[in-house]
Amino acid sequence: MHMADALVSPAVGGAFWAVAAGTIAYCSSRVRKDLDDRKVPLMGVLGAFVFAAQMINFTIPATGSSGHLGGGLLLAILLGPAAAYLTIASVLMVQALFFADGGLLALGCNMFNLGVFPAFIAYPFIYKKLVGREPRQARMVTASIIAAVVALQFGSLGVVLQTVASGVSVLPFNAFLLLMQPIHLGIGVVEGVVTALVVSFIYQARPDILENVLQEKPLGNMPTKSLLAVFLIATVLIGGVLSWFASENPDGLEWSIAKITGSAELPETEYMEHTKLANLQEKTSILPGYALPEENGHSQDAARTATDKRVGTSLSGIIGGTLTLVICTVIGVLLKRRNSANPQQAK
Amino acid sequence: MSHHIVHVKNLQHTYPDKTVALRDVSFLIHHGESVGIIGANGAGKSTLLLHLNGYLSATSGEIIIGDDQLSKETLPEIRRTVGMVFQDPEDQLFMPTVYDDVAFGPLNLGLSADETETRVMEALQRVGAVELRDKPPYHLSGGEKKRVAIATVLSMLPEILVLDEPTNGLDPQARRQLIALLQAFHHTRIVTSHDLDMILELCERTIVLHEGKIMADGPTLDIFNNEELLKTCRLEKPFAMQGCPVCSPDKRPLVSQPPLVPPHSSKPHDHEH
Amino acid sequence: MLAIDGSFLDFKQLDLLALRQTPVHRLDPRAKVLTTLCFIICVVSFDRYQISAMLPFLIYPAVLMAVGDLPFGYIMRKIVIVIPFALMIGLFNPIFDRQVLMQIGSLDIWGGWISCISILIRAILTASAAIILVAITGFPAICEALEKLKMPQTFAVQLLFLYRYIFVLTDEGVRTARARQLRTFGKRGLGIRHFGSLVGHLLLRTWERAERIHMAMLARGFAGEIHSTRRQSHFGRTELLFMGGWISLFILLRLYNAPQLLGGLFTGTMP
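Residues numbered from 1 in each chain as written. Chains lettered and ligands numbered in written order. Predicted model: local features only at pLDDT ≥ 70, side-chain atom pairs only at ≥ 80, totals over all residues.

(A) Quick look at the overall build of chain B. Of the regular secondary structure elements, chain B holds twelve helices and ten strands. Within chain B, the fraction of its 273 residues that count as buried is 44%. Counting only contacts in chain B whose residues sit at least 6 apart along the sequence, the fraction spanning at least 24 positions is 64%. (Helix = DSSP H or I, 4+ residues; strand = E, 2+ residues; numbered from the N terminus. Buried ≥ 20, exposed ≤ 12 C-beta atoms within 10 Å, placed from the backbone. Contact = placed C-beta atoms within 7 Å.)

This is the structure:
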């Protein structure tokens, strides 16, 4: 599942943009250092292949619904981690721009969820370890299924964390998790089976394609270190972002954390965090009453006045909003008309 | 520059799976000659072409282009001298715009932006595609793609043009245009094709390949008149030399008979009168 | 026509829009990319209960669609396709968030409904921004802009190759899918068994194509480096004006709730 702009907050989107961009820079330099110039057209064409393959649907046995190939793991198997990540990232970018699938700010999240996990976790640590140096068909099938399931579980966990941390959706962490993980278990199994089918076909038709990548040197000493560094930075960033937003949305992440840990100490820290935040809010927001709803209303009175105030502001909000829509439309139509009146300027 | 411009000596190629694709192929092509290489599917035409610019290396034998023997050191120079136009222009046009594509070769040769610009414009002019310069390749028609593909090679100022199935997939008019364009070139030309009519128009000399061996090498007309030879090599006289089955009087009864097959599957007539 | 052909043509049409010559098409792509990013960040930075303050942001897609001479219906259709997903997640909000935020008559409006509508508006605004960016800039120009903004060249080359061959390969994919669909007589999907060989064949053809492209590149002196031709794009006063104008408008609209102020004039309640 793609993370969407509509659900992401600037901080979460920005943090993952930074992580995704860093990974792109790292992978680009690795692919350059590879000096395998066959990969230049190969990566591009395989990226395009993912789009083509997605046009062919299959029936998922026993459900009657149809699915299509995701392709992340397949790319990792065909290209190796760094080249696969770049290819997946490029596919996601085209999807974001041409189909508004996900969106531009959520692009970093998507590259992380759908690129990093298959290319840097599922492929090297699961698929490759299970298949070993000499591929056998049966092992490749098991390995693909397990690797795909793991990649998708991580990916969907990513979506859950990013959504909850963004706080636009109020889905509680554990409810969302319970919704997403089982679905992605199913998707993962299907993706694994499909990947395995394609990989076995290729293995029979042209084993050289698969052997080349498997013989490729493992990530090596230096890169593993920098990879770890990337993950460390990512973890710190995500951790930082998460805790920041957790304190902002007690009904979101912290609420569920409290439920999971059953910690009794949490309310106190929560309260402290809130007074701090409330102060900060008053300082930064221009329309304090409107900008953020009082989250839990410490006293009944406060809640009531807040509600009254909101009802007042809401009415003018509705009227103003309607007017704004009318104004936007009129400007658009007028400009369009002027444009068609001067065709030489428009064409 | 030697005037023996392409010299292939006892070329042998065996693929890793032990298929022998070329057996003892030798020929000599002179400066300015236009030579057709024909043969059935799998006769070894493409394998031969891929040797001419060093993409495949010979199992044994040697190739001399101009004064240089093909080797690792001479490869860059030979690739500049031998301009390869591939069968599917989609494979040859990989850059975002026509201009970028035609500039790809010159830029790899290390030319400056200005020199490149001149080369690109000259090449595009030569094939009549100047107005396409900013278009992305996937918005071109089949004929346009082919002409631009030729321009991408011309911009490197090759001395030899190697064309693999140049008329493949073109509509009759685009095909005619392309033949006229190729006739106007003064390069040494090596053309492979199943379009024997085109070979007849374009090449004064033809080499016939069959199962990796050269079966004949001589004037095109002589070869196309040797029906025995064509038959053993799974080839057929060009339509232009067959006489027209529809209009020639002795064939007329055939037409008046009811057709045995649905009309749309009958052989197309390529009228060349 | 089959559905697959439709989505393929749709893709091509968006690409063709970028070839138009309007004042916004002519702008340096960097200006458009940066303005779009600013727009999206401003939109998604609103808190989850905000609706009215987001509406004025519609002015950006509206103006660009008009000046860029883009077909309104087509862009709308593209946006409508992506909405269901955001809405699916958004519809959970009313379930979990039943705090009463306002009342219309005796009707209690829960925070969840408000935030759900907010998500819907975000989806419309951000999706339209992305699609309009491609329609007025074109994918290669966006790549070029990103490369000038320090995106690694390897990735830029990757994007361009991908983009170039999407058209060739989706065409191949469409043909394969069509051939299959015409012989399956109405069954929706393909049995998962045959999928492997069908897609496997497609993959093999793709792989061979990559080898041929590599050959064609080598034949023209490729040695691992793609030299780009410098296209004369110029970040001049028009671009500064475009970016500066829009971004200051976004910031103003982000800071002041314009509809609220406007509505206040009518109802007399000032926030």
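(B) Expanded view of the overall build of chain C. For chain C, the count of helices and strands is twelve helices and two strands. Reading chain C from its N terminus to its C terminus gives the helix and strand order α-α-α-α-α-α-β-β-α-α-α-α-α-α. The globule rule puts the C-alpha radius of gyration for 271 residues at 18 Å, and the 23 Å found for chain C is more than 25% above it. Along the first, second and third principal axes, the C-alpha set of chain C runs to 75 × 55 × 30 Å. Burial analysis of chain C (271 residues in total) assigns 51% to the buried set. (Rg over C-alpha atoms; globule rule 2.2 N^0.38 Å.)

(C) Structural detail: the domain arrangement of chain B. Residue and element names in this part refer to chain B. Segmenting chain B into domains produces domain 1 (1–66 + 160–273) and domain 2 (89–158). Taken together, the eleven residues of domain 1 in the interface contact seven residues of domain 2. Contributing elements (two or more residues each) for the side of domain 1 that touches domain 2: strand 7 (160–164) and helix 7 (172–183). Examining the composition of the side of domain 1 that touches domain 2, we find that four residues originate from one element, helix 7, more than from any other. A per-class count over the side of domain 1 that touches domain 2 returns seven nonpolar, three polar and one charged. (Domains from an automatic or database assignment. Nonpolar A, V, L, I, M, F, W, Y, C, P; charged D, E, K, R; others polar.)

(D) How the structure looks around the sheet that holds strand 9 (residues 205–210) of chain B. Residue and element names in this part refer to chain B. Across the sheet, which stays open at both edges, the six strands sit in the order 6-7-8-3-9-10 with mixed pairing between neighbours. Each end of this open sheet is capped by a strand with a single partner; those strands are strand 6 (82–85) and strand 10 (213–219). Averaged over all pairs of adjacent strands, the angle between their axes in this sheet comes to 15 degrees, without regard to strand direction. Pairing between strand 3 (residues 34–38) and strand 9: four bridges, direction parallel. Paired with V35 across the strands is R205, a residue of strand 9. (Pairing = 2+ DSSP bridges. Axes fitted to C-alpha atoms, helices over the stretch in contact; angles between N-to-C directions.)

(E) View of the interface of chain B and chain C. Contact residues are listed per partner, giving 24 residues for chain B and 20 residues for chain C. If you list the elements that add at least two residues to the side of chain B that touches chain C, you get helix 2 (75–81), helix 3 (89–92) and helix 4 (98–108) of chain B. No other element matches helix 4 of chain B, which puts seven residues into the side of chain B that touches chain C. Within the side of chain B that touches chain C, the residues separate by chemical class into 14 nonpolar, five polar and five charged.

(F) Layout of the domain arrangement of chain C. Assigned domains within chain C: domain 1 (1–138 + 232–258) and domain 2 (152–227). On a C-alpha basis, the centres of domain 1 of chain C and domain 2 of chain C stand 32 Å from each other.

(G) Representation of the packing of helix 3 (residues 72–79) of chain A against helix 4 (residues 81–98) of chain A in the model. Residue and element names in this part refer to chain A. Contact geometry for helix 3 and helix 4: axes closest at 7 Å, N-to-C directions at 140 degrees. Here helix 3 is positioned oblique relative to helix 4, judged by the angle of their axes. As for how helix 3 packs across helix 4, the hand of that crossing is right-handed. Packed against helix 3, whose contacting residues are G72, L75, A76 and L79, the element helix 4 presents P81, A83, A84, T87 and I88 at the interface. Residues belonging to the contact of helix 3 with helix 4 are distributed by class as follows: seven nonpolar, two polar and no charged. (Parallel < 35°, antiparallel > 145°, perpendicular 65-115°, else oblique. Left-handed = near helix turned anticlockwise from the far one by under 90°.)

(H) Spotlight on the interface of chain A and chain C. With 98 residues of chain A at the interface, the matching set in chain C holds 110 residues. Elements supplying a minimum of two residues to the side of chain A that touches chain C: helix 1 (10–34), helix 2 (39–53), strand 1 (58–59), helix 4, helix 7 (173–205), helix 12 (288–291) and helix 13 (300–341) of chain A. Ranked by residues supplied to the side of chain A that touches chain C, first place goes to helix 13 of chain A with 22 residues. Residue classes in the side of chain A that touches chain C are distributed as 62 nonpolar, 27 polar and nine charged.

(I) Representation of the environment of C:S45 within the structure. Mapped onto the elements, C:S45 comes out in the loop between helix 3 (29–44) and helix 4 (59–67). Residues C:S45 and C:L16 lie 29 residues apart in sequence; the distance between their C-alpha atoms is 33 Å. Discounting residues that sit within four places of it in the chain, C:S45 has contacts with A:P10 and C:R254.

(J) Layout of the nonpolar core. A:F49, A:Y85, A:L86, A:L97, A:A147, B:V162 and C:I132 are the most contacted members of the largest nonpolar core, which has 253 residues in total. Those residues in contact with B:V162 that lie beyond four places of it in its chain are B:L49, B:L52, B:V82, B:G83, B:M84, B:V85 and B:I190. (Core = buried A, V, L, I, M, F, W, Y, C linked by C-beta atoms within 7 Å.)

(K) Representation of the packing of helix 4 of chain A against helix 5 (residues 107–131) of chain A in the model. Residue and element names in this part refer to chain A. Look at helix 4 against helix 5: their axes get within 9 Å of each other, and the N-to-C directions meet at 155 degrees. Judged on the interaxial angle alone, helix 5 and helix 4 are roughly antiparallel. Both helix 4 and helix 5 take part in a crossing whose hand is right-handed. Of the residues in helix 5, those in contact with P81, A84, Y85, I88, A89, L92, M93 and A96 of helix 4 are L107, N110, M111, L114, G115, V116, A119, F120, Y123 and P124. Along the lines of polarity and charge, the residues of the contact of helix 4 with helix 5 split into 16 nonpolar, two polar and no charged.

(L) Representation of helix 6 (residues 137–166) of chain A within the structure. Residues and elements named next belong to chain A. The end-to-end C-alpha distance of helix 6, which contains 30 residues, comes to 43 Å, matching closely the 44 Å that a straight helix rising 1.5 Å per residue would cover. Burial analysis of helix 6 places 22 of its 30 residues in the buried class, the great majority of the element. Following helix 6 by one or two positions, G167 adopts a phi angle in the positive range, close to 70 degrees. (Expected span 1.5 Å × (residues − 1).)

(M) Representation of the confidence of the model for chain C within the structure. On average, chain C scores 84 in pLDDT, and the residues at 70 or more come to 90%. Overall fold confidence (pTM) sits at 0.80, and the ipTM for the predicted complex is 0.89. (pLDDT = per-residue confidence, 0-100.)

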